[in-house]
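# Close look at the chain arrangement
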Amino acid sequence: FVRLEDGGILTVDGVNALISQDAGKTWREQPIFKDTQSYRIRPERQLIRTRSGVIILAFMNDAERKWTWSDDLKDAPGAVLPTYAVRSLDGGKTWEEPQKLHDEWTGAIRDIIQTEKGNIVFTSMQILHDPGRHAVLTYTSGDDGETWQRSNLIDLGGAGHHDGAMEATLVQLRDGRLWKLIRTTLGRFWQAYSTDERYWRELSPTDIPATSAPALVHRLESGNMVLFWNRPEQHRKELYVMFSKDDAQTWSSPVMIARKKASLAYPYVFEVAPGEIWLTTMQGKLRVKLREADFVE
């Protein structure tokens, strides 16, 4: 979700933008694409409204999806699921033509932020081959999404259609660096840092235990950071939250906020008002509202 200038809320689904003027009770649709046959937005997308009012959607195009994984080859030659970005300059009423940023299979687009410098940065992925595995990267724009610059790839190795470096989330630290948390199959998140908002030059494991599922880290209006993720004990059946007041140097005790028999993963966060958090998940269809004050003194 993003907040519009007139106080409305905008999200996207399929081929449409959806706008609510009553805090999410009702929604009206607005088409995004002129050619609705050539584009379809996958659920793992990201939205932002920049400080100048431009709405940017980063998405993978399901209409071009081609998955070719072979267990015999342990690879997916020619797999295609492109990364795109598209803009609206008028609050979601009309949209420009989408820009394709790469063709290779994109496992997910998990996060997007605007930095203190004004740059827009979003996370993406790219499949690598021989053996097949995933890597993460970011795209950065200094002109509200009109043009984009690609980062270096972060490759942790691995082999498998759910292995490698995957589904990163990111936040800007108070010292100006960007901090990225990366899903792995290694029992914990890995982290990377960028000092120039484009290239990632520091990489290391964290001490945050995690199953193979993505996290979502977000800077709240209070300045605190919040992290939603799945701990390893129950794989994706439990969702946890914790908060940090010191830029991830220390965290509050993890609190389990939801449990399901089926998968409960891929969290999304929208601070609808200061300290009031809408938490949704792609897997498990969780829809809850949390108050920061219930967790942080």
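Quick note: structure is the one above.
Summarised in this report is the structure supplied together with it. (Residues numbered from 1 in each chain as written. Predicted model: local features only at pLDDT ≥ 70, side-chain atom pairs only at ≥ 80, totals over all residues. Heavy atoms only, no water.)

Time to look at the packing of aromatic side chains. Given two aromatic rings, one states the distance between the centres and the angle between the planes to describe the pair. One pass over the full model with this rule turns up 14 aromatic pairs. Between Phe33 and Phe59 the ring centres are 5.6 Å apart and the planes differ by 50°, which places this aromatic pair in the tilted class. Residue Phe33 is found in the loop between strand E4 (28–31) and strand E5 (46–49), and its partner Phe59 is found in strand E6 (residues 55–60); the two are separated by 26 residues along the sequence. You'll find Phe33 and Phe59 in the same group, each marked buried. By way of ring pairs, the aromatic residues Phe1, Trp27, Phe270 and Trp278 are connected into one cluster. The ring of Tyr268 is capped by Arg110, whose NZ or CZ atom sits 4.7 Å from the centre of that ring. Geometry around Tyr240 places Arg231 over its ring, the cationic atom sitting 5.4 Å from the centre. (Phe/Tyr/Trp six-rings, centres within 6.5 Å; stacked < 30°, edge-to-face > 60°. Helix = DSSP H or I, 4+ residues; strand = E, 2+ residues; numbered from the N terminus. Buried < 20%, exposed > 50% of the residue type's maximum accessible area, 1.4 Å probe, protein only. Lys NZ or Arg CZ within 6 Å of the ring centre and 35° of its normal.)

Let us look at the sheet that holds strand E14 (residues 178–183). Across the sheet, which stays open at both edges, the 4 strands sit in the order E13-E14-E15-E16 with antiparallel pairing between neighbours. A strand with exactly one partner marks an edge of an open sheet, and here the two such strands are strand E13 (166–172) and strand E16 (202–209). Direction aside, neighbouring strands of the sheet carry axes that sit 30° apart on average. (Pairing = 2+ DSSP bridges. Axes fitted to C-alpha atoms, helices over the stretch in contact; angles between N-to-C directions.)

Ile56, Leu101, Ile112, Ile120, Phe122, Tyr139 and Trp148 are the most contacted members of the largest nonpolar core, which has 20 residues in total. For this core, the elements supplying multiple residues, two or more each, are E6, strand E7 (80–88), strand E10 (120–128) and strand E11 (133–141). Discounting residues that sit within four places of it in the chain, Ile56 has contacts with Gln46, Leu47, Ile48, Thr50, Val86, Arg87, Ile112, Ile120, Asp144, Gly145 and Trp148. Counting residues in hydrophobic clusters, the runner-up holds 18 residues, among them Ala17, Tyr39, Leu57 and Phe59. (Core = buried A, V, L, I, M, F, W, Y, C linked by side-chain atoms within 4.5 Å. Contact = heavy atoms within 4.5 Å.)

Take the sheet that holds strand E3 (residues 16–20) next. Paired through backbone hydrogen bonds, the strands of a sheet run either parallel or antiparallel to each other. Read from one edge of the open sheet, 4 strands run E1-E2-E3-E4, paired in antiparallel fashion. Of all strands in the sheet, those with a lone pairing partner are strand E1 (2–3) and E4, marking the two edges. Bridge count for E1 against strand E2 (residues 9–13) is 2 bridges, and the pairing is antiparallel. Note on E2: the bridge partner recorded for Arg3 is Ile9.

The subject of this paragraph is the side chain of Gln126. Along the polypeptide, Gln126 turns up in strand E10. Within polar-contact distance, the side chain of Gln126 engages the side chain of Arg150 at 2.5 Å. Setting aside residues no more than four positions away along its own chain, Gln126 makes contact with Glu104, Trp105, Arg133, His134, Ala135, Leu137, Arg150 and Leu153. (Polar contact = N/O pair within 3.5 Å; in protein donor to acceptor, adjacent residues only side chain to side chain.)

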